[in-house]
Amino acid sequence: MRRLPFRRLVSLATLAVVGAATLGTTAACGGGTDDAAGRSGPVTLRLGYFPNITHAPAVVGVEKGIFKEKLGSDVTLETKTFNAGPAAIEAVFSGALDATYIGPNPTVNAFSKSKGEAVRVVSGAASGGVALVVKPEITSVEQLRGKKIATPQLGNTQDVALRYWLREKGLKTTKEGGGDVKVVPQENAQTVDTFASGAIDGAWVPEPYVSRLVNAGGKVLVDERDLWPDRKFVITNLLVSTKFLKAHPDVVKKLVEGQVAANEFVNGKPDEAQQAISDHIGKITGKPLDVKLIKQAWPTLEFTNDPIAASLKTGLDHAVAVELTQPVDLNGLYDLSFLNEVLKAQGKPEVTQP
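Cut-offs and rules
Residues numbered from 1 in each chain as written. Predicted model: local features only at pLDDT ≥ 70, side-chain atom pairs only at ≥ 80, totals over all residues. Heavy atoms only, no water. Phe/Tyr/Trp six-rings, centres within 6.5 Å; stacked < 30°, edge-to-face > 60°. Helix = DSSP H or I, 4+ residues; strand = E, 2+ residues; numbered from the N terminus. Buried < 20%, exposed > 50% of the residue type's maximum accessible area, 1.4 Å probe, protein only. Lys NZ or Arg CZ within 6 Å of the ring centre and 35° of its normal. Axes fitted to C-alpha atoms, helices over the stretch in contact; angles between N-to-C directions. Parallel < 35°, antiparallel > 145°, perpendicular 65-115°, else oblique. Contact = heavy atoms within 4.5 Å. Nonpolar A, V, L, I, M, F, W, Y, C, P; charged D, E, K, R; others polar. Salt bridge = Lys/Arg side-chain N within 4 Å of Asp/Glu carboxyl O. Pairing = 2+ DSSP bridges. Core = buried A, V, L, I, M, F, W, Y, C linked by side-chain atoms within 4.5 Å. pLDDT = per-residue confidence, 0-100.

(A) Structural context of the packing of aromatic side chains. For the structure on display, the rule yields four aromatic pairs. Here the aromatic rings of phenylalanine 67 and tyrosine 101 are separated by 6.3 Å at their centres, their planes lie at 45°, and the arrangement is tilted. With phenylalanine 67 in helix H3 (residues 66-71) and tyrosine 101 in strand E3 (residues 99-102), the pair connects residues that are 34 residues apart, well separated along the chain. An identical accessibility class is assigned to phenylalanine 67 and tyrosine 101; each is buried. The side chain of lysine 80 reaches across the aromatic face of phenylalanine 82, ending 5.6 Å from its centre. Note that lysine 135 overlies the ring of phenylalanine 195, its terminal NZ or CZ placed 4.1 Å from the centroid.

And the structure:
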């Protein structure tokens, strides 16, 4: 039987950022409520997200005004974009951010470093969109011996996914880049250039870099979806500050309503959603993301409200297995009561609370 890859470890770099943060939060209140205790008049919600395809529900929700509509006139939405998880978590801990779309690594880090108090996951957002792309002459795992394979960052989600998969195949790696396969951490944008120049032989990366590497002459050796039950694993979820959750549960519920509506738009109107992503990224970066590239990457992703909690826990276990983190008790990380209230009201299947 094929064993699962790692999927969500605790990034060493993120730990350093999070560990330096000052934590002063209280435990979350329980379920999603809409009573008087949760209503406090005009409120500002500061929402973070990344301008990329794996954060499509957030990008589309902001670009198409879905969040603004669901939050209503009493809530002012302020948004901020990030390029990396550590910065977003630092913003949550400093009080500069109330909620953010984010990957599993920083989710685990924030929960662990705050001793389970600072954050709660209230919804999923996306699954999939990760692969190992290699030179076309590489056709088997054994041919990776002696090769250089890039990942986005030492100890990040894709880095540990690669190391765990290689470990399962009998190939050793080291943090210093030695072993049977030399793992080379580098920024994704740099990876496209180093792959084209021949400085690396492949990379384990998320979209749209998978598609960019394929377009640069590479081929997919491992689609990470094939390593998970039902081909599902969390790549993005929606995380909320516990302090904000306790103070404004009614606003959090509205935010989750926006997430559900955004995913419905993304899944129901893919062409319009892809154009919205291109346009929105163009507004932020000054250069729209090529719609053809978005369409190429789109089938590898699934936009789901289910945070696929089991995959986050398994990913953490894999991180422990490759000796890049210590075990973490994730009990209490998820509060899906708001999500299930929204889904139930719409006659949709509820998500199992971990």
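(B) Structural view of the packing of helix H2 (residues 56-63) against helix H10 (residues 249-268). Where H2 meets H10, the axes come as close as 9 Å, and the angle between the chain directions of the two elements is 100°. With respect to each other, H2 and H10 are oriented roughly perpendicular. On H10, the residues that touch Ala56, Pro57, Val60 and Gly61 of H2 are Gln259, Ala262, Asn263, Phe265 and Val266. A per-class count over the contact of H2 with H10 returns six nonpolar, three polar and no charged.

(C) Molecular detail of the pattern of salt bridges. Evaluation of the coordinates by the stated rule reveals 15 salt bridges. Across the pair aspartate 223 and arginine 231 runs a salt bridge whose closest N-O atoms are separated by 3.6 Å. Judged by its relative accessible area of 37%, arginine 231 falls in the partly exposed class. Within this structure, Asp223, Arg225, Asp226 and Arg231 form a network of salt bridges that share partners.

(D) Layout of unusual backbone geometry. Residues glutamate 207 and proline 208 are joined by a peptide bond in cis, for which omega reads 5°. Here proline 208 lies in the loop between strand E8 (202-206) and helix H8 (209-215). One non-glycine residue, lysine 115, adopts positive backbone phi at about 55°. Tracing the backbone shows lysine 115 in the loop between helix H5 (104-113) and strand E4 (119-128). Not every positive phi belongs to a glycine, and arginine 231 is a case in point at roughly 60°. Secondary-structure assignment places arginine 231 in the loop between strand E9 (219-223) and strand E10 (234-241).

(E) Representation of the sheet that holds strand E5 (residues 130-134). If you walk across this open sheet you meet the five strands as E7-E6-E8-E5-E9, and the pairing is mixed. Bordering the open sheet on either side are strand E7 (182-185) and E9, each of which pairs with just one other strand. In this sheet, adjacent strand axes meet at a mean angle of 30° when their direction is disregarded. Most of the contacts of helix H6 (residues 157-168) go to E8, to which it runs at about 130°, and overall it touches E5, strand E6 (148-151), E7, E8 and E9.

(F) View of the nonpolar core. Counting residues in each nonpolar core, the largest one holds 91 residues, and the members touching the most others are Leu144, Trp165, Trp204, Leu255 and Trp298. Contact partners of tryptophan 165, with chain neighbours within four places excluded, come to Leu132, Val141, Leu144, Trp204, Val222 and Leu227. Of all hydrophobic cores here, the second largest spans eleven residues; its members include Val192, Ile200, Ala203 and Leu213.

(G) Local environment of the confidence of the model for the chain. Residue-level pLDDT values for the chain average 89, and 89% of them are 70 or greater. When the criterion is pLDDT under 50, residues 1-38 qualifies, and its contacts beyond four places in sequence or with other chains add up to 127 contacts.

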